[in-house]
Structure formats: C-alpha cells, structure tokens
Amino acid sequence: KNEVEQSPQNLTAQEGEFITINCSYSVGISALHWLQQHPGGGIVSLFMLSSGKKKHGRLIATINIQEKHSSLHITASHPRDSAVYICAPLIIQGAQKLVFGQGTRLTINP
Amino acid sequence: DTAVSQTPKYLVTQMGNDKSIKCEQNLGHDTMYWYKQDSKKFLKIMFSYNNKELIINETVPNRFSPKSPDKAHLNLHINSLELGDSAVYFCASSQEGGSRAFFGQGTRLTVV
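The model shown is predicted, which means the values in this text are computed figures rather than measured ones. Numbers given for residues are sequential positions, taken from 1 along each chain in its written order. Written order determines the labels here, with chains lettered from A and ligands numbered from 1. Note on the predicted model: pLDDT of at least 70 is required for a residue's local features to be given, and 80 or more for side-chain atom pairs to be given and counted; whole-chain, interface and lining totals, by contrast, use all residues. For the side-chain quantities, the full set of heavy atoms in the structure was used; hydrogens and water were omitted.

Student: With reference to specific residues and values, describe the overall build of chain A.
Tutor: Where helices and strands are cited, they refer to DSSP runs of H or I of at least four residues and of E of at least two residues respectively, numbered from the N terminus. Along its length, chain A carries zero helices and eleven strands. All radius of gyration figures rest on C-alpha atoms, and the globule criterion is 2.2 Å times the number of residues raised to 0.38. Its C-alpha atoms give chain A a radius of gyration of 13 Å, near enough to 13 Å, the size a compact globule of 110 residues would have. Across its three principal directions, the C-alpha atoms of chain A cover 45 × 25 × 25 Å. Type-normalised accessible area, obtained with a 1.4 Å probe on protein chains alone, sets the label of each residue: buried when under 20%, exposed when over 50%, and partly exposed for intermediate values. Per-residue burial for chain A yields a buried fraction of 50% across its 110 residues. For chain A, contacts bridging at least 24 residues in sequence account for 54% of all contacts bridging at least 6. The contact rule is simple, with two residues in contact once any of their heavy atoms fall within 4.5 Å.

What follows is the structure, given as structure tokens:
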C-alpha cells in the first residue's frame, strides 16, 4: 500500500465548478505540501500546512492530522487551473523528507 | 531572480557517458533535494542534503553521486548513463523545520 493516496486520479470539470482533491496518508508527518505541476512540467509549491486551513486566492487547503487526511479545493475553477496536483506529506526521519502522491490530473473545460 | 535554478534544462546524451546537472538556490535555505520524475510522472526523492551533509540517500544506483560544495549548491553527477536514467530531474530547497519547498524548473535527461 502506498504511503500516500490521492483521489481522484483524473478529474474533468466545467469552468466555474468547485473542485476537491483528496489526500490520505498512512505515516506520521509534521506538515504537508500541495504541489501544482503545469503541462509544461514546472512544479510550484502551493501550500505547506501542518494544521487547520490555508487560503490563497481561489485555492483552499485543509488538513486533519489526526485523521491523516488533507484536501485541496479550488473555487470558481478556470481552464488555467488545469494541471496535475500532487500531495506531498513531510516526514521527519532525522531530517525532513517528502513523499509524494501519484497526482491528480485536473482538466477544466471552458 | 530565480529562486532555484537548474542547468541544463534539456540534456541528451549517449549511453555510457558521464554527465552533471547543476542546481543553485538563492533563498538561504539549508536543505536541498534531488527528485526523479519517471515516465509515469511519479516523483521520487533521490537525495537530501542539509548544510552540505548527506541526510537522505534513497535506493539509487551508486552511479548517481550528489555533490554539495556549499549550502547554495547541490549538483548531481551521473556516471555510465543508462537508458533507464531517462527522466526529468528536479532540484528543490527548503528550510529545515518545515517550510514551503521551492522547485527548480527540472532537467529533462534523455539517454540514447
């Protein structure tokens, strides 16, 4: 079983829809990153959170450490949000180490 | 100014060659990483350096050798390249204690 499971693996939606991507992990972590990989390949770190909720523009990330679960929400989705979103929990084993979910490919149609 | 920069962006080379990928960060971070993204787009950590010391060395062939001349640089040297080494390699940095990670733009390595 993978340490990190994301769902769904693929998601297609219409512009304006509310999007939710889920991440569950089985290991103890200190924090969790949400990454966005654009079609061109570049990776951007969207959030790093260790508890509660963070908001940046139309993006919202939540985490429940006890339940080992995090979600990424996109409100009023737009075609430019089309990308792969990757959940990456931060494990502390002497030093920090990121493990990665398999990614969720999001396509927003106009 | 680019926070984490990798060079080259593209690298095409023949089997058996030795090549290096350079990474530099100007963020003052004390931890740097190398990740490999395979053809299925799955990311895996290869190495982690903290203050120039190797912290994490995942199951990676010893043909791969990271070198950190200072905190701001973590270069990846690959000997005797094989076809299976073809992938996109990402460098990243963060501050120990847990902070947002910053990624380089990636280096697409193609071994022919």
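Having seen the model, we can carry on.
Student: Tell me what's going on with the environment of Gln 37 of chain B, and back it up with residues and numbers.
Tutor: Looking at where Gln 37 of chain B falls in the secondary structure, it is placed in strand β4 (residues 31-37). Gln 37 of chain B gets classed as buried once you look at its relative accessible area, which sits at 3%. In the structure, Gln 37 of chain B is positioned 18 residues away from Ile 55 of chain B in sequence and 20 Å away in space, judged by C-alpha atoms. Aside from chain neighbours lying at most four places away, what touches Gln 37 of chain B is Gln 37 of chain A together with Phe 42, Leu 43, Ala 87, Val 88 and Phe 90 of chain B. Between N or O atoms, a polar contact is any pair within 3.5 Å; within protein, one atom must be a potential hydrogen donor and the other a potential acceptor, and residues adjacent in sequence are included only when both atoms are from side chains. Side-chain polar atoms of Gln 37 of chain B contact the side chain of Gln 37 of chain A, separated by 2.8 Å.

Student: Run through the packing of aromatic side chains, naming residues and quoting values.
Tutor: Ring pairs shown here join Phe, Tyr and Trp side chains whose ring centres sit within 6.5 Å, with only the six-membered ring taken for Trp; geometry is labelled stacked below 30 degrees between planes, edge-to-face above 60, and tilted in between. Summed over the entire model, instances satisfying the criterion amount to four aromatic pairs over all chains. Relative to Tyr 35 of chain B, the ring of Phe 100 of chain A has its centre 5.1 Å away and its plane inclined at 85 degrees; by these criteria the two rings are edge-to-face. On the criterion of chain membership, the pair formed by Phe 100 of chain A in the loop between β10 (95-98) and β11 (104-109) and Tyr 35 of chain B in strand β4 is interchain, its members lying in two chains. Tyr 35 of chain B gets classed as buried once you look at its relative accessible area, which sits at 0%. One aromatic cluster in this structure is built from Phe 100 of chain A together with Tyr 33, Tyr 35 and Phe 103 of chain B.

Student: Can you lay out the sheet that holds strand β7 (residues 59-64) of chain A for me, pointing to particular residues and giving the numbers?
Tutor: Residues and elements named next belong to chain A. Strand pairing is assigned whenever DSSP identifies at least 2 bridges connecting the two strands. Strand order in the open sheet formed by five strands is β1-β3-β8-β7-β6, with antiparallel pairing between adjacent strands. Each edge of the open sheet is held by one strand with a lone partner, namely β1 (4-7) and β6 (52-56). With direction set aside, neighbouring strand axes in the sheet form an average angle of 15 degrees. In the sheet, β7 pairs with strand β8 (residues 69-74) via six bridges, with the strands oriented antiparallel. If you follow Ala 61 over to β8, its bridge partner there is Leu 72. Only the stretch in contact is used when fitting a helix axis, every axis being a line fitted to C-alpha atoms; angles between N-to-C directions are given from 0 to 180 degrees.

Student: Could you give me a rundown of the state of the cysteines, with the residues and numbers involved?
Tutor: A pair of sulfur atoms, both from cysteines and within 2.5 Å, is called a disulfide here. In the structure shown here, the tally under the stated rule is two disulfides over all chains. Across the disulfide from Cys 23 of chain A sits Cys 87 of chain A; the S-S distance is 1.9 Å. A torsion of -55 degrees about the S-S bond marks the disulfide between Cys 23 of chain A and Cys 87 of chain A as left-handed. Of the two residues, Cys 23 of chain A is situated in strand β3 (residues 19-25) and Cys 87 of chain A in strand β9 (residues 83-93); the sequence distance between them amounts to 64 residues. Cys 87 of chain A shares its class with Cys 23 of chain A; the two are buried. Paired by a disulfide, Cys 23 of chain B and Cys 91 of chain B hold their sulfur atoms 1.8 Å apart. Disulfide Cys 23 of chain B-Cys 91 of chain B: the torsion about the S-S bond is -75 degrees, which places it as left-handed. On the criterion of sequence distance, the pair formed by Cys 23 of chain B in strand β3 (residues 19-25) and Cys 91 of chain B in strand β9 (residues 87-94) is long-range, its members being 68 residues apart. Exposure class is identical for Cys 23 of chain B and Cys 91 of chain B. Each is buried.

Student: Describe the sheet that holds strand β1 (residues 4-7) of chain B, naming the residues involved and giving the relevant values.
Tutor: Residue and element names in this part refer to chain B. Taken in spatial order, the four strands line up as β1-β3-β8-β7 in an open sheet, and their pairing is antiparallel. Two strands lie at the open edges of the sheet, namely β1 and β7 (64-70), each paired on one side alone. Across the sheet, the mean angle from the axis of one strand to that of its neighbour is 20 degrees, orientation sign disregarded. Bridge count for β1 against β3 is four bridges, and the pairing is antiparallel. Each residue of the ladder has a partner; that of Gln 6, found in β3, is Cys 23.

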